[in-house]
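Architecture at a glance
Chain by chain, the residues:
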Amino acid sequence: MGFFDKIFKRKKKEEEKEEINVAGIEISEILEDSEEENEEIEKVDDIKNEILEEKIKQEVEETNEEIEKINEEKEETEEQKEKPKSSFFASLKNKLFRSREGFFGNLKSFILGRNIVDDEMYEELEDILIQSDIGMEMTVKIVESLSKRVKKRKITEPKEVYSVLKEIMQNFLIIENNDIKIEDGKLNVILVVGVNGVGKTTTIGKLAAKYKAEGKKVILGAGDTFRAAAIEQLEEWANRAGVDIVKSAQGIDPGAVVYDTLEAAKNRNMDIAIIDTAGRLHNKNNLMKELEKIHGIIRKKIGSESYESILVIDGTTGQNGLNQARVFNEVTDLTGFIITKLDGTAKGGIVFSISEEIKKPIKFIGVGEKIEDLRVFDAKEYIEAIFD
């Protein structure tokens, strides 16, 4: 290479070097800044990835927890299906806590606290039973039966007397026809009577919800036309249960509502018609006439088909509830009873006195506010729950 060539080449390199300066900043400096920016971006990306990984991990954990929860619920459901009786019984025991710990708890403590079986024990037992709302007549029957059976078995230990008493009291409960029979292919009519405040409207609503859940077409009849509140409450229950209702204005003849309800039930191919009727005890003659009229309308509409006529009684009212049962049983053809609010009483003797004296079965018992707390009465389970 010649001398001039070397000079010109050096000059060219200097010019090129000048060209790669940008605003007085060397390209190397720009590259350094770019590298720093890339490092910052990488740091941000790393943080984002860490947050994303943590979020994904959290979501996976939550999903796994949900799966475990679903599996646990499934296992619980399967266990309940396998042991429906035991879970039902345990729940009933809890619901009847007041009665079990109250009257029946005192009864157990009294008998087991005795040293000998004698006449004094039977006399004191009578007092306890009477105080439990069992009533004088029923108490005498129980104590006499107990005394005879204890002597026959030659029992001398008080602790053995308690189990015998349990047997005797169970025998006084009617065990046949304890459910409301619902037949397919026909209109099943359930007439519900009872005084104000016993839980009649709520009971009808629970029955409606129960049968609706079983796939039945249900219609309600608001025949208690003497109270506007009764009509409104029944309508509210009809809405909750998703069933039809026939109602009228306050003061309208209850018989007309019963007729319209049965007419609508037939026209709409209903399976069950549950009719609410008033129960005013201040005038027995008027009550009898009113119920006779209603029964006449039902028989005319359904012919010779049998139907239920149920009296609702508040279990906390004791002897007053028994008196209501006596009056209604005199003036109308009852097929059974529903006793409500048994979870709220520490006595519970009314179950025995009604079953024995009136000679009609207890169909359902109410042991709480939920729909499932209206239960078909099972004498054996009831005895086991309160005597345990």
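Parameters and conventions
Residues numbered from 1 in each chain as written. Predicted model: local features only at pLDDT ≥ 70, side-chain atom pairs only at ≥ 80, totals over all residues. Heavy atoms only, no water. Helix = DSSP H or I, 4+ residues; strand = E, 2+ residues; numbered from the N terminus. Buried < 20%, exposed > 50% of the residue type's maximum accessible area, 1.4 Å probe, protein only. Contact = heavy atoms within 4.5 Å. Pairing = 2+ DSSP bridges. Right-handed = clockwise from strand over helix to strand, strands pointing away. Core = buried A, V, L, I, M, F, W, Y, C linked by side-chain atoms within 4.5 Å. Axes fitted to C-alpha atoms, helices over the stretch in contact; angles between N-to-C directions. Parallel < 35°, antiparallel > 145°, perpendicular 65-115°, else oblique. Left-handed = near helix turned anticlockwise from the far one by under 90°.

1. A few points about unusual backbone geometry
In this model, Lys154 sits at a positive phi of 55°, which is unusual for a non-glycine residue. Mapped onto the elements of the fold, Lys154 is located in the loop between α7 (136-152) and α8 (158-171). What makes Lys154 exposed here is its relative accessible area of 72%. Residue Asn177 is not a glycine yet carries a positive backbone phi of 55°.

2. Structural notes on the environment of Val161
When you line up the elements, Val161 lands in helix α8. The exposure class of Val161 is buried, given its relative accessible area of 0%. The sequence separation of Val161 and Leu146 amounts to 15 residues, and the corresponding C-alpha distance is 8.0 Å. Setting aside anything within four residues of it in sequence, one finds Val161 in contact with Ile111, Val117, Met121, Leu146, Val150 and Ile155.

3. Considering the pairing of strand β6 (residues 336-340)
Most of β6 sits out of view: five of its five residues are buried. Neither face of β6 is left uncovered, since the one carrying Gly336, Ile338 and Thr340 and the one carrying Phe337 and Ile339 both have all their residues buried. As paired strands, strand β5 (residues 308-314) and β6 are joined by five bridges and run parallel to one another. Directly across from Asp314, in β6, lies its bridge partner Thr340. Where the polypeptide runs from β5 across helix α13 (residues 319-331) and back to β6, its parallel neighbour, the crossover connection is right-handed. Bridge count for β6 against strand β7 (residues 362-366) is three bridges, and the pairing is parallel. Counterpart to Ile339 in the pairing with β7 is Ile365.

4. Notes on the nonpolar core
Counting residues in each nonpolar core, the largest one holds 98 residues, and the members touching the most others are Ile274, Phe352 and Tyr382. What Tyr382 contacts, discounting residues up to four positions off in sequence, is Leu92, Leu96, Leu173, Leu342, Gly348, Val351, Phe352, Ile365 and Phe377.

5. Quick word on the packing of helix α9 (residues 200-213) against helix α10 (residues 228-241)
Contact pair α9 / α10: the axes reach a minimum separation of 9 Å and the direction vectors enclose 20°. The pairing of α9 with α10 is recorded here as roughly parallel in orientation. α9 and α10 meet at a crossing whose hand is right-handed. Residues Thr201, Thr202, Ile204, Gly205, Lys206, Ala208, Ala209 and Lys212 of α9 touch α10, and the partners they reach there are Ala230, Gln233, Leu234, Trp237 and Ala241.

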